[in-house]
Amino acid sequence: MNIDRSKELFNRAQASIPGGVNSPVRAFKSVGGTPIFLKKAKGAYLYDADGNRYIDYINSWGPMILGHAFEPVVKAIQEIAEDSTSFGAPTELEIEMAELIKSMVPNVDLIRMVSSGTEACMSAIRLARGYTGRNKILKFEGCYHGHADSFLVKAGSGVATFNIQTVPGVTAGVANDTLTAPYNDIDAVKQQVDQHKGEIAAIIVEPVAGNMGCILPQPGFLEGLRQLCTQEGIVFIFDEVMTGFRLAKGGAQERLGIDADLVTYGKVIGAGMPVGAFGGKLEIMNHIAPLGNVYQAGTLSGNPLAMIAGFTLLTHLKNNPTVYKELEEKGTYLEKGLHNVLKASGIPYVINHLGSMISIHFSNKPVIDFASASTAKNNLFNTLFHKMLDRGIYLPPSAFESWFLSNALTYEDLDKTIEALDESLKEL
Ligand code: PMP
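What counts, and at which threshold
Residues numbered from 1 in each chain as written. Predicted model: local features only at pLDDT ≥ 70, side-chain atom pairs only at ≥ 80, totals over all residues. Helix = DSSP H or I, 4+ residues; strand = E, 2+ residues; numbered from the N terminus. Buried ≥ 20, exposed ≤ 12 C-beta atoms within 10 Å, placed from the backbone. Near = placed C-beta within 6 Å. Nonpolar A, V, L, I, M, F, W, Y, C, P; charged D, E, K, R; others polar. UniProt positions renumbered as here; feature names shortened; annotations may be inferred. Contact = placed C-beta atoms within 7 Å. Pairing = 2+ DSSP bridges. Axes fitted to C-alpha atoms, helices over the stretch in contact; angles between N-to-C directions.

## Brief notes about unusual backbone geometry
Part 1 of the argument: With omega at 10 degrees, the peptide bond leading from Ala289 into Pro290 counts as cis.
Part 2 of the argument: Along the chain, Pro290 turns up in the loop between helix 10 (282-285) and helix 11 (304-319).
Part 3 of the argument: With a phi angle near 105 degrees, Ser84 is a residue other than glycine that sits in the positive phi range.
Part 4 of the argument: Within the element layout of this structure, Ser84 appears in the loop between helix 2 (71-81) and helix 3 (92-104).
Part 5 of the argument: Ser84 sits in the exposed class, given 10 other C-beta atoms within 10 Å.
Part 6 of the argument: Here the phi dihedral of Ser157 falls at roughly 55 degrees; this positive angle occurs in a residue that is not glycine.
Part 7 of the argument: Within the fold, Ser157 resides in the loop between strand 5 (136-140) and helix 5 (158-161).

Here it is in structure tokens:
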């Protein structure tokens, strides 16, 4: 595949942008080679600066559930832009958006819009701290909740990909207030809670982890956390930046049947525009300014372009529940096909999959936490990544990321992906 133009652009980018990219994982640092510079995308396909076409399994890291440039979303953005791109003042559209989300998702009495997943999670823990009067939070090794200081302790995604143990610039004071436990290890959480009785404001979790590959909660894990939080007066936060509106209309809460106290959402709320949100139970949300003194704000929060994009996408998802059934069937079809070729290759592997989230780890034991994800043969994945890319399949450029399906994928696309994997594995 000719990527000369991407190479040219990457060289040029590095002179003006740190590492040539505006978010580290895009740099292809762990998989090596030149990042592909994209020009446009439609449905399930990405087109790069050299005109090559790829089948997309990133989907902007989640939000493109119906594929790229979904026509009603594009039209709605174009129309509303005529009426200004930002007010910094309230609009009726923001109310409609909040009402729509409340109608789709459990346990959200009030919801506040922000501009990224990072902001959503950062604000949610500040609120939990303000509400409980406690300082510490507990997160899980390999989970990623954005780049706010408190979350950069044993984090997943790029922090794991680049093997950054301690992030310079995060003070020891902040880091000390972040407790961690292995994902799926309820006993380790109980130990931390016992050791820090009455000090933990919140437990934040990716209900299905997507930042160390895709990792499923084992039966009883989330239930155990829910019980512990209720018992100890800890705010239970579901980070649904990836799972929200993807695993079901009501996200992981609905799909897994677990109630959270606060929930965070990200990019999907804006159909890929820069949006996030946090919401939850009235008793807690009542403490956010201007209702209470937990301060949180944003000039661009509730931005009209972002709101109309998200409102249009979410309305479509609400009115077309078959989308979830179709995504489910496509996910199952892909998993089966991947199993067939991986089995035939003789290379030990694990596929983790739920709904439209899926990933492969090269390992001979179950991958259930960060330790097992890290000891998989991730170099093999890095080689595979390029072989797939050469065949027009765009996977996330790290084993520490989940793949995301969009409903724009056809069965022909899935067959091509399976065939590409078969050919790629034969070359490993
Ligand atoms: N939480 C989760 C679960 C995420 O996956 C991410 C980013 N992929 C974030 C939070 C942060 O979102 P953003 O990059 O929009 O700040």
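Structure's up, so let's keep going.
## Regarding the site of the ligand
Part 1 of the argument: Around the ligand, a shell composed of 17 residues is seen, among which Ser116, Gly117, Thr118, Gly146 and Val241 lie nearest.
Part 2 of the argument: In terms of residue count, the dominant contributor to the shell around the ligand is helix 4 (residues 117-132) (3 residues).
Part 3 of the argument: Residues belonging to the shell around the ligand are distributed by class as follows: 5 nonpolar, 9 polar and 3 charged.

## Here's the deal with the UniProt feature "modified residue: N6-(pyridoxal phosphate)lysine" (unreviewed entry) in the protein chain
Part 1 of the argument: The feature "modified residue: N6-(pyridoxal phosphate)lysine" (unreviewed entry), as annotated in UniProt, sits at Lys267 in this numbering.
Part 2 of the argument: Within the secondary structure layout, Lys267 lies in the loop between strand 9 (262-265) and strand 10 (276-280).
Part 3 of the argument: Residues in contact with Lys267, not counting those within four places in the same chain, are Ser60, Trp61, Gly62, Pro63, Gly117, Gly272 and Val275.

## With respect to the sheet that holds strand 8 (residues 235-239)
Part 1 of the argument: With mixed pairing, the 7 strands of this open sheet are ordered in space as 4-10-9-8-7-5-6. Looking along the sheet, the strands with just one partner apiece sit at the ends: strand 4 (110-114) and strand 6 (178-181). Strand-to-strand twist across the sheet, computed as the mean angle between neighbouring axes with direction ignored, equals 20 degrees.
Part 2 of the argument: Where strand 5 lies against strand 7 (residues 200-205), 3 bridges are found, and the strand directions are parallel. Along strand 7, the bridge assignment pairs Leu138 with Ile203.
Part 3 of the argument: Across the sheet, helix 7 (residues 186-195) touches strand 5, strand 6 and strand 7, and the angle it forms with strand 6 is around 150 degrees.
Part 4 of the argument: Here helix 8 (residues 221-232) sits on the sheet and contacts strand 7 and strand 8; the angle it forms with strand 8, its principal contact strand, is near 145 degrees.

## With respect to the sheet that holds strand 11 (residues 350-354)
Part 1 of the argument: If you trace the 3 strands from one edge of the open sheet to the other, you get 11-12-14, paired in antiparallel fashion. For this open sheet the edge positions go to strand 11 and strand 14 (403-404), each flanked by a neighbour on one side alone.
Part 2 of the argument: Here strand 12 (residues 357-361) pairs with strand 14 via 2 bridges, running antiparallel. Across the sheet, Met357 pairs through a bridge with Phe404, a residue of strand 14.
Part 3 of the argument: Relative to the sheet, helix 12 (residues 322-345) contacts strand 11 and strand 12, its axis offset from that of strand 11 by approximately 175 degrees.

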